[in-house]
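# A closer look at the structure
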Amino acid sequence: MIELHGIYKRFGEQVVLDGVDFTVQEGETVALMGPSGTGKSVLLKHINGLIRPDAGRIIVDDREVNRLTRDELTELRKTIGYVFQYGALFDSVDVFENIRLGLSDEGQYGDMTFARDRVAECLKLVNLSPDEMKKLPSQLSGGMKKRVGIARAIAGSPKYLLYDEPTSGLDPVNADVIDDLVKHLEQALGVTSVMVTHDVRGAFRVADRLALLSGGQIVLHGTPEEFRQSDHPKVQAFLQRDFTDTPFAA
Amino acid sequence: MTAIALRLPGFLGRLILGGLAHVGRLSLLVAELFRGLAEWRIWVPRTFTESANIGAGSLFIVLLIAGFAGAVTAFQAGYQWQTSLPVYVLGTLIVSTIVLELGPVLIGLVLAGRIGARYAAELGTMRVTEQIDALESLGRSPASHLIIPRVLAALIMLPVLTIFADFMAVLAGWWSVKQVLPVTDEDFAYGAQYFWRPFDGYYSLIKAFFFGGAIGLISCYMGFNTQQGAEGVGKSTTTAVVASSVMILILNTLLAKILLN
């Protein structure tokens with residue numbers, strides 16, 4: 001279970017998160033939505049300790065992330081797969097090595113036979129051929145990079161998966177493929193997922209619950225049905241994809 | 001004038017705080033390096049790869065610069081030559097100048113540009129494209145994967161390249177001085193050996209070792225702490241080269257004072 005209580009974060013004079021409370025239950029997929037620049041990715045990076053809050057508590061499996069020692073944080077990170085917005089693949093090594101680095105067990109990482117089998121298995125899970133192993137990231141398309149990024153995140157069999165804008169920059173067909181993949185992984189691996197997105201359609205297709213971040217706070221956190229029925233102006237504006245002359249414009 | 005006087009304390013304060021922040025972050029990086037040494041299975045193979053890359057990649061430019069530097073040293077020695085001195089002194093002069101000063105310092109400054117810019121740009125690009133965040137999110141140490149191999153490669157390869165540079169510069173100086181003055185091979189060899197002390201060679205390598213450490217550490221630090229996209233990478237790269245070069249000059253002075261006096 002992931003719990004965020006009163007998260008406050010500012011960069012210089014700009015307050016990005018202003019007392020965010022957010023909970024993710026075991027086994028569910030939560031879509032964290034909001035217009036660009038509202039701090040969704042910043043919030044996501046708090047969960048695995050890539051960014052530390054100025055105030056507030058982040059609790060993952062009863063462990064308070066900002067109080068963990070370095071070694072404890074490393075161990076926690078091995079249970080959390082993170083899919084970066086632009087893949088963040090290591091561009092100097094091939095697909096095999098990229099995914100192999102996701103193996104959290106050092107024995108498995110050093111065992112080349114196991115690593116090769118596991119990398120092939122992860123590639124199949126994200127609908128890529130094992131033949132792609134020898135390619136460099138520069139030889140992959142945008143959609144393939146995203147899928148390799150997901151394969152790397154699941155290689156260590158994490159309990160949680162955090163997706164940062166997994167469909168941004170993709171055409172609608174490839175975006176649907178990634179959305180289906182997120183849903184498939186949730187069912188196949190039983191992982192708990194948090195997906196940052198501004199793609200309303202994708203979020204409604206994939207998520208069990210949704211959260212809307214605006215003005216540094218969670219405006220609404222609920223089921224897709226609760227979102228549809230909400231009369232909150234920011235929720236309505238976001239669902240109608242009309243951010244002009246709405247509270248978002250301010 | 002009054003406005004400038006009022007702003008001065010604030011400016012100085014920010015400057016001092018900025019400097020202290022750099023010292024603090026650099027200290028944390030060094031502490032991370034020592035922690036990362038335990039993961040030798042990760043950094044040992046990467047150190048070999050990095051060493052081979054910067055060694056083989058830098059050898060041509062090192063030999064070229066050393067050759068020209070040796071030749072110019074010989075021509076200038078010939079220009080300032082007094083006929084009252086025995087000619088074998090030329091061998092002493094050229095070898096000492098190259099081994100004690102020109103070889104390590106010139107190669108250090110050249111490699112501050114070549115290796116320093118490369119390290120800062122590589123790590124800076126990795127930072128702004130979230131590759132370093134990705135490594136951390138996988139529970140892996142950027143120190144053992146990225147920084148230790150680069151710093152160790154610079155520490156190892158600077159002395160190795162300096163040995164090549166010293167030999168090349170001496171050979172070029174030897175050949176060149178024969179073109180401008182009536183010096184025989186025997187005279188040059190006698191002069192080179194007459195005042196030669198093994199410590200001179202060690203001193204050259206000690207300097208190169210320190211210069212390598214400065215280049216590796218400063219460049220990795222700058223690249224690792226890059227911010228703000230492509231502009232940030234450019235800024236880190238420039239700062240890495242300038243800071244490494246300045247540190248080489250400072251270390252050169254300190255080492256001369258400590259080891260030669």
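This one's a predicted model, so the numbers in the text were calculated from it and none came from an experiment.

Parameters and conventions
- Residues numbered from 1 in each chain as written.
- Chains lettered and ligands numbered in written order.
- Predicted model: local features only at pLDDT ≥ 70, side-chain atom pairs only at ≥ 80, totals over all residues.
- Helix = DSSP H or I, 4+ residues; strand = E, 2+ residues; numbered from the N terminus.
- Buried ≥ 20, exposed ≤ 12 C-beta atoms within 10 Å, placed from the backbone.
- Contact = placed C-beta atoms within 7 Å.
- Domains from an automatic or database assignment.
- Nonpolar A, V, L, I, M, F, W, Y, C, P; charged D, E, K, R; others polar.
- Core = buried A, V, L, I, M, F, W, Y, C linked by C-beta atoms within 7 Å.
- Pairing = 2+ DSSP bridges.
- Axes fitted to C-alpha atoms, helices over the stretch in contact; angles between N-to-C directions.

### Re the overall build of chain B
The helix and strand inventory of chain B stands at 8 helices and 0 strands. Along the chain direction, N to C, the helices and strands of chain B fall in the order α-α-α-α-α-α-α-α. For chain B, the residues scored as buried account for 42% of the 261 residues in total. Taking contacts inside chain B between residues at least 6 apart in sequence as the whole, the part at least 24 apart equals 91%.

### Focus on the environment of Gly223 of chain B
Residues and elements named next belong to chain B. For Gly223, the position within the fold is in helix α7 (residues 198-224). For Gly223, a count of 29 C-beta atoms within 10 Å translates into the label buried. Spatially, the C-alpha atoms of Gly223 and Gly234 are 9.8 Å apart, while their sequence positions differ by 11 residues. The contacts of Gly223, once residues within four sequence positions are left out, are Tyr119, Ala120, Ala121, Glu122, Leu123, Gly124, Arg127, Ser236 and Ala240.

### Regarding the domain arrangement of chain A
All names here are of chain A. In terms of domains, chain A is made up of domain 1 (8-79 + 159-250) and domain 2 (90-157). On a C-alpha basis, the centres of domain 1 and domain 2 stand 25 Å from each other. Taken together, the contact pairs 12 residues of domain 1 with 11 residues of domain 2. With 7 residues, helix α7 (residues 172-189) is the single largest residue contributor to the side of domain 1 that touches domain 2. For the side of domain 1 that touches domain 2, the class distribution of residues is 9 nonpolar, 2 polar and 1 charged.

### Quick notes on the environment of Leu50 of chain A
Relative to the helices and strands, Leu50 of chain A is located in the loop between α1 (40-47) and β4 (55-60). On the basis of neighbour count, Leu50 of chain A is assigned to the buried category, with 20 C-beta atoms found within 10 Å. Dropping the residues within four chain positions of it, Leu50 of chain A is found in contact with Lys45 of chain A together with Asp133, Glu136 and Ser137 of chain B.

### Brief notes about the interface of chain B and chain A
Accessible area lost upon the coming together of the parts is a frequently used measure of interface size. Counting residues at the interface gives 10 residues for chain B, matched by 13 residues for chain A. For the side of chain B that touches chain A, a count of residues per class yields 2 nonpolar, 4 polar and 4 charged.

### A look at the nonpolar core
Leu32 and Leu162 of chain A are the most contacted members of the largest nonpolar core, which totals 72 residues. No other element matches helix α6 (residues 142-154) of chain A, which puts 6 residues into this core. Of the domains in this structure, domain 1 (8-79 + 159-250) and domain 2 (90-157) of chain A are the two that each give at least three residues to this core. If sequence neighbours within four positions are ignored, Leu32 of chain A has contacts with Lys40, Leu43, Val194, Met195, Val196, Ala211 and Leu213 of chain A. Counting residues in hydrophobic clusters, the runner-up holds 65 residues, among them Ile54, Phe188, Phe210 and Ile248 of chain B.

### Considering the sheet that holds strand β8 (residues 192-197) of chain A
Backbone hydrogen bonds are what pair the strands of a sheet, in a parallel or an antiparallel way. All names here are of chain A. Sheet architecture is open: 6 strands sit in the order β6-β7-β8-β3-β9-β10, paired in mixed fashion. Edge positions in the sheet fall to β6 (80-83) and β10 (217-222), since each has one partner strand and no second. When the angles between neighbouring strand axes are averaged without regard to direction, this sheet yields 15°. Packed onto the sheet, α6 meets β6 and β7 (160-164) and runs at close to 170° relative to β6.

### Observations regarding unusual backbone geometry
Leaving glycine out, the prevailing phi sign among residues is negative, and the prevailing peptide bond configuration is trans. The phi dihedral of Asn127 of chain A is positive, around 60°, even though this residue is not glycine. Turning to its location among the elements, Asn127 of chain A is positioned in the loop between α5 (112-125) and α6. A positive phi angle, close to 65°, is found at Glu130 of chain B, a residue other than glycine. Mapped onto the elements, Glu130 of chain B comes out in the loop between α3 (89-128) and α4 (131-137).

### As for the sheet that holds strand β5 (residues 63-64) of chain A
Residues and elements named next belong to chain A. The 4 strands lie next to each other as β2-β1-β4-β5, forming an open sheet whose pairing is antiparallel. In this open sheet, the two strands that pair with only one neighbour each are β2 (14-24) and β5. With 8 bridges connecting them, strand β1 (residues 2-11) and β2 associate as antiparallel partners. Looking across to β2, one finds that Tyr8 is bridged to Asp18. Where α1 meets the sheet, it contacts β1, β2 and β4, and its direction lies at approximately 125° from that of β1.

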